[in-house]
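# Results of the structural survey
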Amino acid sequence: MNKKSSLPEKDFFAPIKAWKFLFKKPVTIKVPYVKREASERYRGFHINDWDKCIGCGTCAKICPTDAIKMVEVEDLPQVYGEKPQRPVIDYGRCSFCAMCVDICTTGSLKMTREYVHISPDPEDFIFAPTEKGIHGVDNIPVGWTRDDDSELLELERVGMEMLEGEERVKSFMEYVKGYSKEQAIHEAARCVECAICTDRCPEHMRIPEYIKSIWKDDLNEGLNWLLKGDENNNMIGANPFSAVCGRVCTHRCEEACSIGNRGEAVAIRWLKRYIVDNVPSYEEIINFTPQKKDKKVAIVGSGPAGLSAAYFLATMGYEVEVFEALNKPGGVMRYGIPSYRLPDEALDKDISLIQALGVKIHVGVSVGKDISLQKLKEQFDAVFVSTGFTLGRSTNVPGTEHQDVIQALPLLREIRDFLRGGGPKPKIPKSLVVIGGGNVAMDVARSMARLQKMEYGTVDVKVTCLERSFEEMPADMEEIEEGTEEGVEFYPGWGPVRIMIDDDKVKGVELKKCLEVFDENNRFNPKFNEKEKLYLDADMVVEAIGQAPDYSYLPEEIKEQLEFARGRLVTNEFRQTSIKWLFAGGDIVHGPDIIHGVADGYWAARGIDDYLTKEEK
Amino acid sequence: MMSSMSEIVKNLKTLVKKLEIVEIDEREVKIEIPCEKTLNVLSFLKGNGYSHLSILTAVDWIEENKFEIVYVLFSWENGGKFVVSTKIDRKKAKFVSVMHLWPIARFYERELHEFFGIQFEGNDDMRPLFLENWDSLPPLRKDFDPLEYSKEKFPDREYIKDVIYEAKVIRGDLNG
Amino acid sequence: MGEVKLFFGPNHPGMHGNFSVHMYVEGDTVVRARPLPGFLHRGFEKLMERRLWYQNLALIPRICVPEPDINEVCYAMAIEKIAKIEVPERAQWIRMIVLELARIASHLMSFPGIGGSLGLYTGPFWGTADRDRVLDIFESLTGARVYHMYIVPGGVRKDLTPSIQKSIKETLDYIESRLPDYENLIFKNRIVHTRLKKIALLDRETALELGITGVGLRATGVPYDIRKVDPYLFYDKVEFEVPTATDGDAFSRVYLKFLEISQSIKIIRQALEKMPEGKVNVRISDGNALRYRVPKGQAYVHVESTRGEYGYYMVSDGGEKPYRVAVRGASYPQTFIGIEKYLPGTRIEDVPIWLSTMDVCAPEVDR
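Residues numbered from 1 in each chain as written. Chains lettered and ligands numbered in written order. Predicted model: local features only at pLDDT ≥ 70, side-chain atom pairs only at ≥ 80, totals over all residues.

### Some thoughts on the overall build of chain A
The line we're drawing: Elements are defined by DSSP. Helices are runs of H or I of four residues or more, strands are runs of E of two residues or more, and each kind is numbered from the N terminus. Put simply, the radius of gyration uses C-alpha atoms, and a globule should come to 2.2 Å times the residue count raised to 0.38. To sort residues by exposure, count the other C-beta atoms lying within 10 Å of each residue's C-beta; 20 or more gives buried, 12 or fewer gives exposed, and values between give partly exposed, all with C-beta atoms placed from the backbone. For every residue pair, C-beta atoms are placed from the backbone, and the pair is scored as a contact if these atoms sit within 7 Å.
Secondary structure summary: chain A contains 22 helices and 22 strands in total. Against the globule reference of 25 Å for 617 residues, chain A gives a C-alpha radius of gyration of 32 Å, more extended than a compact globule. Each of the three principal axes of chain A carries a C-alpha extent, and together these read 125 × 70 × 50 Å. By the burial criterion, 48% of the 617 residues in chain A qualify as buried. Contacts spanning at least 24 positions in sequence make up 72% of the contacts within chain A whose residues lie at least 6 apart.

### A word on the sheet that holds strand β13 (residues 461–465) of chain A
All names here are of chain A. Keep this limit in mind: Strand pairing requires that DSSP identify at least two bridges connecting the strands. Angles here are taken between N-to-C directions and fall from 0 to 180 degrees, while the axes themselves are lines fitted to C-alpha atoms, restricted in helices to the stretch in contact.
Sheet architecture is open: five strands sit in the order β11-β18-β12-β13-β14, paired in parallel fashion. The open sheet has two edge strands, β11 (405–407) and β14 (489–492), and neither has a second partner. Sheet twist, expressed as the average angle between the axes of neighbouring strands with direction ignored, equals 20°. Two elements, strand β12 (residues 432–435) and β13, share four bridges in a ladder whose sense is parallel. Its bridge partner lying in β13, V433 is registered against K462. Along the sheet face, helix α18 (residues 408–419) touches β11 and β18 (540–543) and points at about 80° away from the line of β11.

### Remarks on helix α9 (residues 219–228) of chain A
Residues and elements named next belong to chain A. The buried fraction of α9 amounts to seven of the 10 residues, a majority that puts the element mostly inside the structure. By the burial criterion, the buried members of α9 are L219, G222, L223, N224, W225, L226 and L227. G229, located one to two residues past α9, shows a positive phi value of around 60°.

### Side note on the domain arrangement of chain A
Put simply, the rule is: Domains are outlined according to an automatic or database domain assignment.
Segmentation of chain A into domains returns domain 1 (35–152), domain 2 (170–285), domain 3 (296–389 + 551–585 + 598–616) and domain 4 (394–545). One C-alpha centre belongs to domain 1 of chain A, the other to domain 4 of chain A, and the line joining them spans 52 Å.

### Observations regarding the nonpolar core
Worth spelling out the cut-off: Connectivity within a nonpolar core runs through C-beta atoms within 7 Å, and the core itself is a set of buried Ala, Val, Leu, Ile, Met, Phe, Trp, Tyr and Cys residues.
Of all hydrophobic cores here, the largest spans 342 residues; its most connected members are C100, A310, L313, F384, V434, A441 and V444 of chain A. Of all the elements, helix α3 (residues 89–110) of chain C adds the most residues to this core, at 12 residues. The contacts of L313 of chain A, once residues within four sequence positions are left out, are V297, Y318, V320, A605 and I608 of chain A.

### With respect to the interface of chain C and chain B
On the side of chain B, 28 residues touch chain C, which itself brings 29 residues to the contact. Within the residue set of the side of chain C that touches chain B, elements represented by two or more residues are α1 (44–49), α8 (204–210), β6 (297–305), β7 (308–316), β8 (324–328) and α12 (332–342) of chain C.

### Here we look at helix α5 (residues 122–142) of chain C
Residues and elements named next belong to chain C. Operational definition: For a helix, the expected span equals 1.5 Å multiplied by the number of residues minus one.
Helix length check: α5 (21 residues) gives 30 Å between terminal C-alpha atoms against 30 Å at 1.5 Å per residue, within 8%. Buried residues of α5: G123, P124, W126, G127, D130, R131, V134, I137, F138, E139, L141 and T142, and no others. The inward-facing, buried residues of α5 abut α3, α4 (114–118) and α6 (162–187). At the exit of α5 stands G143, carrying a positive phi of roughly 90°.

### Looking at the sheet that holds strand β1 (residues 20–25) of chain B
Residues and elements named next belong to chain B. Spatially, β1-β2-β5-β4-β3 is the arrangement adopted by the five strands of the open sheet, whose pairing is mixed. Sheet topology places β1 and β3 (52–61) at the edges, where each strand pairs with a single neighbour. Adjacent strand axes in the sheet meet at a mean angle of 20° when their direction is disregarded. Relative to strand β5 (residues 81–89), strand β4 (residues 66–74) runs antiparallel, the two being bridged by nine bridges. The residue bridging K66 from the neighbouring strand is D89, located in β5.

### With respect to the environment of G154 of chain C
Residue and element names in this part refer to chain C. Inspection of the secondary structure assignment puts G154 in the loop between β4 (151–152) and β5 (155–156). With 24 C-beta atoms counted inside 10 Å, the residue G154 sits in the buried group. When the C-alpha atoms of G154 and D249 are compared, they prove to be 41 Å apart, with 95 residues separating the residues in sequence. The residues contacting G154, other than those within four sequence positions of it, are I85, V87, N281, V282, R283 and I284.

### Some thoughts on the interface of chain C and chain A
Selection rule: Gly falls in the polar group here, along with every residue not listed as nonpolar (Ala, Val, Leu, Ile, Met, Phe, Trp, Tyr, Cys, Pro) or charged (Asp, Glu, Lys, Arg).
With 28 residues of chain C in contact, the opposing surface of chain A contributes 36 residues. Elements with a minimum of two residues in the side of chain C that touches chain A: α5 and α7 (190–196) of chain C. For the side of chain C that touches chain A, the element with the highest residue contribution is α5 of chain C, accounting for three residues. Residues belonging to the side of chain C that touches chain A are distributed by class as follows: 10 nonpolar, eight polar and 10 charged.

### Here we look at the packing of helix α2 (residues 69–83) of chain C against α3 of chain C
Helix-helix packing is described using two parameters, namely the angle between the two axes and the distance between the axes. All names here are of chain C. Here is the rule we go by: Any angle that falls under 35 degrees is termed roughly parallel, while one over 145 is termed roughly antiparallel, one within 65 to 115 roughly perpendicular, and all others oblique. Left-handed describes a crossing whose near helix is turned anticlockwise from the far helix through less than a right angle; right-handed describes the clockwise counterpart.
Remark: α2 packs on α3, axes separated minimally by 9 Å, with the N-to-C direction vectors making an angle of 150°. Compared by their axis directions, α2 and α3 come out roughly antiparallel. Crossing geometry of α2 relative to α3 is assigned as left-handed. Residue-level inspection shows D69, I70 and V73 of α2 in contact with α3, the latter providing R95, V98, L99 and A102. Of the residues assigned to the contact of α2 with α3, the class counts are five nonpolar, no polar and two charged.

### Regarding the confidence of the model for chain A
Selection rule: Confidence scores labelled pLDDT are given residue by residue by the predictor and lie between 0 and 100.
Summary statistics for chain A give a mean pLDDT of 86 and a share of 97% for residues scoring 70 or more. When the criterion is pLDDT under 50, residues 1–5 of chain A qualifies, and its contacts beyond four places in sequence or with other chains add up to one contact.

### Some remarks on the pairing of strand β15 (residues 494–502) of chain A
Residues and elements named next belong to chain A. Alignment of β15 against strand β16 (residues 505–518), held across eight bridges, turns out to be antiparallel. When the sheet's bridge partners are listed, I501 is paired in β16 with V506. The hairpin formed by β15 and β16 contains two residues between the paired strands, and D503 there has a positive phi angle of roughly 55°.

Pasting the structure below:
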């Protein structure tokens, strides 16, 4: 009875109210006759712009369900900064979270506003998304896209502390201070491990691996990656000049970095430097126990290629001797690059490991003069030559024969010798014109700016070159920017007519407007407007328009057997010349920078090893 | 820490000498205690308003060779939470039951036995709860590898279609 | 009459989800009952230990189908608590809006759903259709209808645009206008009264002793709601009431859910009002999402879900993956100890009512 009295009082008309629903439109829609498009942010199926996609595989890495696999696409062009692969998505696994879209380094991945995909065949649930999506239709409405809020990459680089331009021009002190631990770990956390940089690096350094070591704060492991590379794979990717390259490498890797597509590339070079600067000494961490081999290899020239070859050969157990004409080992690293970019200590750190491996370096011994190549051939089982580009080129315009018109390389050598107390003070002009738009010209200009500042308190250096803009100039943009900050003035787009000489003193340079540097076939063929002139005052002119090799140490009969192309030696992929026992590398084979030299050293070492092993049999 | 909670912590310090206190936020405090004091501390907290057992769980600290047993106690009066934790030997994974304090602990303990292999004295119901015919390590132990396990147990499915060819046809690079 | 063992399993239409109970019955009366979970055990806690901090976002909502957002918010808040991250205000308000919308969606499935157990099928039909309107909002806000993967550590993934705000307001108005219809259909229905009143009783002392939370507890007269007792997000900055009842029976539990919808609507309207402009997330760690790290530490975070206290106990060892995440399923107590203790004595036809009004929820129990 109680229960009944608690029953609700219901409106008398309540049942009638129900009738109103008869006349209402149904809430359902008639699928498939009515098509409903999903909302603007809907995470439907994937579309991938194949032209934008670089195959970095970051989508596959973030995928929480392991639904994305990178599959090789054979006929995609093999270009730097890309991998010939594209993501393939398994909709049996996909959770439609769109993390792949949010982390995509190029923004090529997006999702559509489609709801439905039906098929009785399980094979229809795996596909490689293209611009046309899973159903192959043009102009599919796009749903979820990445925006600033959903961004999963960190696009901004951790800033590097540097001395200000006005401060750094006062001395030759290294002005890039290097990352602190926190900064390095932070910067390392930006890497997505796509290894596109590894492909790009001439030496194929294991960049993602050592960056990950930094991120894990395991610098010993990082140093192993730097100096030993892939230990189980012939040490590929090792670089004995990590301290040098951590400072002055041309960092092609950073140009290829996938983060660079939408943001600032990971500071690979500086991360490398962070490792070497923050380990006590290599010898404590790195040890080699090579099996001694009863063979000797001679190396001519102690530049990057020569010493790298020595390093790799020594790790294989060969007895290596290096012959260097100048008083200190290092070649361009010692005598070319100014110390504000590469201090001697960094170079010494690298070279000391090579010496610790038992490599003998004979300095002040010029092959061709003090000892003949033929003699080396007799005393050693193989010879590797890496003598570099030591001769300067001249514009040969009237007046260049004057004693105050000098070549860049000897001047840089003189400056470095002077700074380390090993030579007289070079002539410091009150006003200088540098002809040339490459990094060597920048080195001369910035070194001289420092000397002028130290000597006279003011900077008066002008750089002129044929290239008409900073972008066209072969020098690194940061060199130009930093030079400007240090007071160097730039006059791009001018070609020299003559050196103005009055009373046997250099007064300046007469220049004419350069209209075009390269012709339609992209060959060096400058065109000038002879009427448009510019006069730059100077009491010294430095020519830095390129260098050339000096093959005078090669005996004629050897020279005859060798093959040259455009002044460079032709070798096979193992840097073996047409003379079996003679290997070559560095600028005289490839150029143009240190890391290419290191790569030459690596491949030559493998080639020499191969040659000597086979010879034995 | 709320004043009412610091009051309790002060009292607890007289009860247990070796007491580690981690203040997680204003209303959440973790107290780490030696295992023999666990029942004392739990009943003290239960008697002082922290009567709701939010969760009873364990953490496998394999490198330390310990299991950490965690009780989260919540007070409906002031919203404070005490995370009571104690560590036991991983090799002799045995602990006391708290089912006389909280009936639901019987099931939490059963779960911990199933997933970590921890025995609870005083709880005689240690039958498996979630898993059927389980034949490997207790799965929430850190040394259990689920990927290996499923590779062993379940077949993989391979797709046979040439997806790249299909994509090229869709793109119009190739004629299908 | 002899005792018969009855398997009440996941295939049974009266069963509340993928769950089973072994019942020993004499005639129509249950003598003993044994809960048998495990059909939905997917090892979430283990899987979480093996995925990156960010990757887990795709996994965790799947613990709970009708209300996935509580997982996201617990996961995010636990990380923020350990890493001591300040989340932008706007993000906190958006999270509250999402949580309350999810509560409405879940309740709209749950309280009319009782009609399914009673033969009143208009209820579930209406509820499902109206829930779809909330899912439409989710679709436009988060990009997905069911598993939103929207609340991330540090904030939310995308901003709440003015047009979505407008559609939220419209939908709230619509749902509010429907509430009298529901009241008429269900709570003024004689059958519902007869079948639910004084059925599946639970008293306050037992509820507290067993650790039952949510409407099951509030139906016994205590206003225990985590949003009030241990406020998270900005629940202390909005005005709302915690409806309670004193009967402790099935009817009051269902009715409380119905009443909570109005409160949720109230909260969302205030949130839309109070929400400032600004950023919607901050980074929880340096670098890209593949390399997020959370400092060493632990935290217990709980929220008021539609079924009661839902919580995550999270431990980080400072690495790139969670070291341990333990999930407190809201219905854990009522599922295990509740079934064992409360089903004996009830008639078979009341068993589904007990399971359904106590919100026995297999996925969060099994995990």
